[in-house]
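Here is what each chain is made of, one letter per residue.
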Amino acid sequence: GKTLLVRTLSNCLDLKFSRIQFTPDLMPSDVTGTNILVTAADGSRHFALHKGPVFGQVILADEINRATPKTQSSLLEAMQEHACTIAGTRHAMEEPFFVLATENPIEMEGTYPLPEAQLDRFLFKYVLDYPSEAEELKIVATYGARPGSASIEQMGVGQAANDAILNEASECVASVRVADEVLAYVVRLIRETRTSQDLTTGASPRAAAMLASAARARACLDGRDFVIPDDIKQLALPALRHRCVLSPAAEIEGRTVDQAITS
């Protein structure tokens, strides 16, 4: 259902969807693209850019931790700068552009830990557990008679926004005010992760900036033009859980990163 969810999101926003299936043999050029030699109608030959799947607007990096760190890092420039350099030439991505990824538990065979630099470029990390018994019963009752998953058309989901609406929403978020006291609260929270005895690696300054930006969006969704501390509290866990590394002592005690952040 993850692919269907992201594809549905791209349809609702009228954005170009692209899916990358990460595997151990995936190469960076399979993600970004490469220059290939082509022959023109007049017989002349030249190099032409064959763009990879990263040149979309809504990118799904499926099972991202199944690929090697080298291949995972091919997304860094695109995620940070919304551009991709191929053979020395920088190519800008079509806006709006963002990346969503799924990953298997790191304990599973054939997976690689994501580099910290890459993790830091993801805004949120959400952990999806098994559905409840009632939810699972509803899933089986709804989809148990079908040979495959439902299509977007069958679900009756249509376009709800476009580039103009998204740009307007972005401008609205940028105009949300953040008081100095709230900014100071964000910085204190981030700096506390660097001194916590339960964590060996805390969050970076980028995490503070992204958390403040996310809080602006949450305030805008609530119809406010200002950020309150509750916005920060509600978003701190998904914004920090993938950026912090648990200390060996805390891990032996059976604690989790979520517990270290919320305590």
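Just so it is clear, the model here is predicted, and its values are computed rather than measured.

Rules used throughout
- Residues numbered from 1 in each chain as written.
- Predicted model: local features only at pLDDT ≥ 70, side-chain atom pairs only at ≥ 80, totals over all residues.
- Heavy atoms only, no water.
- Helix = DSSP H or I, 4+ residues; strand = E, 2+ residues; numbered from the N terminus.
- Buried < 20%, exposed > 50% of the residue type's maximum accessible area, 1.4 Å probe, protein only.
- Areas by Shrake-Rupley, 256 points an atom, 1.4 Å probe, with all protein chains shown as cover.
- Patch = residues over 30% accessible without salt bridge, like charges linked within 9 Å, V, L, I, M, F, W, Y side chains within 5 Å.
- Salt bridge = Lys/Arg side-chain N within 4 Å of Asp/Glu carboxyl O.
- Pairing = 2+ DSSP bridges.
- Core = buried A, V, L, I, M, F, W, Y, C linked by side-chain atoms within 4.5 Å.
- Contact = heavy atoms within 4.5 Å.
- Phe/Tyr/Trp six-rings, centres within 6.5 Å; stacked < 30°, edge-to-face > 60°.
- Expected span 1.5 Å × (residues − 1).
- Polar contact = N/O pair within 3.5 Å; in protein donor to acceptor, adjacent residues only side chain to side chain.
- Axes fitted to C-alpha atoms, helices over the stretch in contact; angles between N-to-C directions.
- Arc of directions from axis to C-beta.

Okay, the overall build of the chain next. Scanning the chain from terminus to terminus reveals 13 helices and 9 strands. Along the first, second and third principal axes, the C-alpha set of the chain runs to 70 × 50 × 45 Å. When burial is assessed residue by residue, the chain has 35% of its 263 residues classed as buried. If you sum the accessible surface of the chain, you get close to 15700 Å²; carbon and sulfur atoms cover 54% of it.

Together, Ile139, Val140, Tyr143, Met155 and Val157 give the surface a local cluster of nonpolar side chains, amounting to about 400 Å² of exposed area. According to the relative accessible area criterion, Ile139 is partly exposed, its value standing at 42%.

Here we come to the pairing of strand β6 (residues 89-92). Judged from the 4 bridges that link them, strand β5 (residues 83-86) and β6 form a sheet pairing that is antiparallel. Paired with Ala83 across the strands is Ala92, a residue of β6. Between β5 and β6, which follow one another and run antiparallel, lie 2 residues, and Ala87 among them has a positive phi close to 55 degrees.

Formed by 26 residues in total, the largest nonpolar core has its most connected members in Ile190, Leu211, Val227, Ile232 and Leu240. Counting residues per element, this core draws most heavily on helix α10 (residues 205-221), at 6 residues. Residues within four places of Leu211 in sequence aside, it is in contact with Val186, Leu189, Ile232, Leu235, Ala236 and Ala239. Counting residues in each nonpolar core, the second largest holds 21 residues, with Ile59, Ile64, Phe97 and Phe122 among its members.

Next up on the list: the pattern of salt bridges. Under the counting rule described, the total for this entry stands at 15 salt bridges. For Arg90, the salt bridge goes to Glu77, with nearest N and O atoms at 4.0 Å. Residue Arg90 is found in strand β6, and its partner Glu77 is found in helix α4 (residues 76-81); the two are separated by 13 residues along the sequence. Judged by its relative accessible area of 23%, Glu77 falls in the partly exposed class.

Moving on to the packing of aromatic side chains. A complete count under the given rule lists 1 aromatic pair for this structure. Look at Phe124 and Tyr126: their rings are 5.8 Å apart centre to centre, the planes differ by 70 degrees, and that puts the pair in the edge-to-face class.

A few words on helix α8 (residues 163-174). Residues lying three or four places apart along an α-helix face the same way, a consequence of the helix completing one turn every 3.6 residues. Relative to the 16 Å expected for 12 residues at 1.5 Å per residue, α8 spans 16 Å between its end C-alpha atoms, a close match to the ideal helical length. Two or three places before Ala164, at the start of α8, stands the capping residue Asn162, its side-chain oxygen 3.1 Å from that residue's backbone nitrogen.

What follows concerns the side chain of Thr8. Note on placement: Thr8 falls in helix α1 (residues 2-13). For Thr8, a relative accessible area of 11% translates into the label buried. Dropping the residues within four chain positions of it, Thr8 is found in contact with Ile152, Met155 and Val157.

The next subject is the sheet that holds strand β4 (residues 58-62). Read from one edge of the open sheet, 3 strands run β1-β4-β7, paired in parallel fashion. The sheet is open, and its two edges are formed by β1 (17-21) and β7 (98-101), each paired on a single side. Sheet twist, expressed as the mean angle between neighbouring strand axes with direction ignored, is 20 degrees.

Glancing now at the environment of Ile20. Within the fold, Ile20 resides in strand β1. Accessibility expressed as a relative area gives 3% for Ile20, which makes it buried. In sequence terms Ile20 and Ala61 are 41 residues apart; their C-alpha atoms lie 5.0 Å from each other. Not counting residues up to four positions away in its chain, the partners in contact with Ile20 are Leu26, Val31, Pro53, Val54, Ile59, Leu60, Ala61 and Asp62.

Another aspect to go through is helix α9 (residues 180-195). Helix length check: α9 (16 residues) gives 23 Å between terminal C-alpha atoms against 22 Å at 1.5 Å per residue, within 8%. When α9 is considered as a whole, its buried residues turn out to be Val182, Val186, Leu189, Ile190 and Thr193. Relative to the axis of α9, the buried residues are bounded by an arc of 90 degrees and lie together on one face. For α9, exposure combined with an orientation more than 90 degrees from the buried face picks out Asp180, Glu181, Arg188, Arg191, Glu192 and Thr195.

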